[in-house]
Amino acid sequence: AVKIIPGAPGVPGEAGPPGMSGDTYVQGQRGAPGAPGHDGLSVAHAYYRAPVPYVHGQGVAPESIVGQSGQTYYHSSVQNYYNSAAAPALAPATHDGTCEWTYDGAEDGPLSWGTMCHESFPVCGQGKSQSPVNIAVKNLEWDGESKGQALDTLGWYIPESAATTYVTYVKGRGGGSVVPLAEELYDGHTFEVEHIAAELSYKKVVYSLKQFHLHILSEHTFDDTHYDLEVQFVHTTQDASAQNKVLIVSAFFKVEAGQGSPQFVRELVSAIPRLSGAPADVVPLDFAALAQTIMIGSLSHRGATSSDFVPNFKNYMAYQGSLSSPPCTQGVQWILLRNPIFIYGEDWTALHKLMGYNFRPVQPLNGRPVTTTVAA
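Now for a description of the structure that goes with this document.

Conventions used here
Residues numbered from 1 in each chain as written. Predicted model: local features only at pLDDT ≥ 70, side-chain atom pairs only at ≥ 80, totals over all residues. Heavy atoms only, no water. Helix = DSSP H or I, 4+ residues; strand = E, 2+ residues; numbered from the N terminus. Buried < 20%, exposed > 50% of the residue type's maximum accessible area, 1.4 Å probe, protein only. Contact = heavy atoms within 4.5 Å. Areas by Shrake-Rupley, 256 points an atom, 1.4 Å probe, with all protein chains shown as cover. Pairing = 2+ DSSP bridges. Polar contact = N/O pair within 3.5 Å; in protein donor to acceptor, adjacent residues only side chain to side chain. Phe/Tyr/Trp six-rings, centres within 6.5 Å; stacked < 30°, edge-to-face > 60°. Salt bridge = Lys/Arg side-chain N within 4 Å of Asp/Glu carboxyl O. Arc of directions from axis to C-beta. Disulfide = S-S within 2.5 Å. Axes fitted to C-alpha atoms, helices over the stretch in contact; angles between N-to-C directions. Parallel < 35°, antiparallel > 145°, perpendicular 65-115°, else oblique. Left-handed = near helix turned anticlockwise from the far one by under 90°. Nonpolar A, V, L, I, M, F, W, Y, C, P; charged D, E, K, R; others polar.

### Digging into the overall build of the protein
A count of helices and strands for the protein gives eight helices and 20 strands. The buried share of the protein, taken over its 376 residues, is 46%. Sequence separation of 24 or more characterises 69% of the internal contacts of the protein that already satisfy a separation of 6 or more. Total accessible area computed for the protein in this model is approximately 18,400 Å², and 53% of it derives from carbon and sulfur atoms.

### With respect to the pairing of strand E15 (residues 229–236)
The buried fraction of E15 amounts to seven of the eight residues, a majority that puts the element mostly inside the structure. Across seven bridges, strand E12 (residues 205–215) lies against E15 in antiparallel orientation. Counterpart to Phe212 in the pairing with E15 is Phe233.

### As for the sheet that holds strand E13 (residues 221–222)
Pairing within the open sheet is mixed, and its three strands lie in the order E4-E13-E14. Pairing within the sheet leaves two strands with one partner each, and these edge strands are strand E4 (134–135) and strand E14 (225–226). The pairing of E13 with E14 spans two bridges and is classified as antiparallel. Paired with Phe222 across the two strands is Thr225, which belongs to E14.

### What about the side chain of Gln211?
Assignment of secondary structure puts Gln211 in strand E12. For Gln211, a relative accessible area of 15% puts it in the buried group. Looking at Gln211, its side chain comes within polar contact range of the side chain of His213, at 2.9 Å. Residues in contact with Gln211, not counting those within four places in the same chain, are Glu192, Val193, Glu194, Gln232, Phe233 and Val234.

### Comments concerning the packing of aromatic side chains
Considering all chains together, one arrives at twelve aromatic pairs under this definition. Centre to centre, the rings of Trp156 and Phe233 are 4.9 Å apart; their planes meet at 45 degrees, and the pair counts as tilted. Here Phe233 lies in strand E15 and Trp156 lies in strand E6 (residues 156–158), a separation of 77 residues in the sequence. Assigned by exposure class, Trp156 and Phe233 land together as buried. Taking the centre distance of 5.7 Å and the plane angle of 65 degrees together, the rings of Phe222 and Tyr227 count as edge-to-face. The exposure class assigned to Phe222 is buried, which follows from its relative accessible area of 14%.

### Description of the pattern of salt bridges
Counted by the stated rule, this structure contains one salt bridge. Notably, a salt bridge pairs Lys254 with Glu256, separated by 3.6 Å at the nearest N-O pair. By relative accessible area, which is 31% here, Glu256 ends up partly exposed.

### Things to note about helix H8 (residues 345–355)
Those residues of H8 not exposed but buried are Gly345, Asp347, Trp348, Leu351 and Met355. Buried residues of H8 fall within an arc of 160 degrees about the axis and therefore sit on the same side. Positive backbone phi, approximately 70 degrees, marks Gly356, located one or two places after H8.

### What to know about the state of the cysteines
By the definition in use, this model includes two disulfides. Linked covalently through their sulfurs, Cys99 and Cys117 form a disulfide whose S-S length is 1.9 Å. Classification of the bridge connecting Cys99 and Cys117 rests on its S-S torsion, roughly 90 degrees, and on that basis the disulfide is right-handed. One end of the pair, Cys99, is in the loop between helix H2 (75–82) and helix H3 (116–119); the other, Cys117, is in helix H3, with 18 residues separating them in the sequence. Owing to a relative accessible area of 4%, Cys117 belongs among the buried residues under this scheme.

### Things to note about the side chain of His235
On the secondary structure map, His235 appears in strand E15. There is a polar contact of 2.8 Å between the side chain of His235 and the side chain of Trp156. The contacts of His235, once residues within four sequence positions are left out, are Trp156, Leu200, Tyr207, Ser208, Leu209, Lys210, Lys245, Val246, Leu247 and Val249.

### Describing the packing of helix H6 (residues 263–271) against H8
Two elements in contact, H6 and H8, have axes separated by 10 Å at closest approach and are oriented at 40 degrees. As far as their axial angle goes, H8 and H6 are oblique. Every pair of crossing elements has a handedness; the one defined by H6 and H8 is left-handed. Touching Val265, Arg266 and Val269 of H6 are Asp347, Ala350 and Leu351, all from H8. Taken together, the residues of the contact of H6 with H8 sort by class into four nonpolar, no polar and two charged.

### Observations concerning the pairing of strand E11 (residues 199–202)
One ladder, built from two bridges, connects E6 with E11; its direction is antiparallel. What sits directly across from Tyr157, in E11, is Glu199. In this sheet, E12 lies alongside E11 in antiparallel orientation, the contact comprising four bridges. Along E12, the bridge assignment pairs Leu200 with Tyr207. Hairpin geometry of E11 and E12 is characterised by an intervening segment of two residues between the two adjacent antiparallel strands and by a positive phi of about 50 degrees at Lys203.

What follows is the structure, given as structure tokens:
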């Protein structure tokens, strides 16, 4: 088997020169407010897709986004609308019997997932252990299982069975490196990468990585603030002893001046013009390099040699939650990596043009603990 073990973080190199963009964005003056809506649906639309550009580095409080008229609409007012008699009728199922949901619709967006299509996804509205959530850092609980014991050190490895099926061997990097034949697609909701065929061990259970996908902005928030991007690595297991059959590892990305993107992000961005709704081997993906980046996290130049830096493979938070999109199935083990990773602004813009804002608003914790392996 080929095992990927993260090494010690090196000192970051100097930022490369910015790339050239063929697009020019010019924002004109704000127009006059439109006429009031008749049924309140414009409030929900304004809440979920704001025309005002997102400003990197300032963070966005999950409870408010600026709408078309310059006013601020709050989650509570939208929720009250859906609880009122004025709420729209249930969205019909599509002709093929499936239920099409979105991130920004009034009848098929996140606030309606639990009731749309004749309650096809009731757990989305009724579940008490839903994801994503807001992490209040001051409320993090020290992982009691780790006291006096060895922590679970996170890391992916590629078993021999997968290596013969999905992995090619690239020569020239200290004897070679593994490059899984990933398959990329855009399913209308998110940019997804399949067929990685790596494995991760957590609490004595081995999970298989099935796919990873992207969300803008981050679905999880920290002290009520979003990161620019969240990448979720979805794993499953057939182990009968496992408390959770699904485990998701989330990595967080932020745009910062003078910082570039990891190689795998540039590879994914280069694939965008050739994406379709069917999985295809669009670009080669060096999963060894990806794993190294994800499981360590980015260091700023100033803190590159800081003695208090703890890499992601042993610096993470965990809680019990759900899938963050329909059917919102509960019983999911979430692992949130604490060190964010830098991404170049133009790469973020390219991903945003593809996906828009595809994040579910945070859900109540309802008393669930969020543990940490490193003291806050």
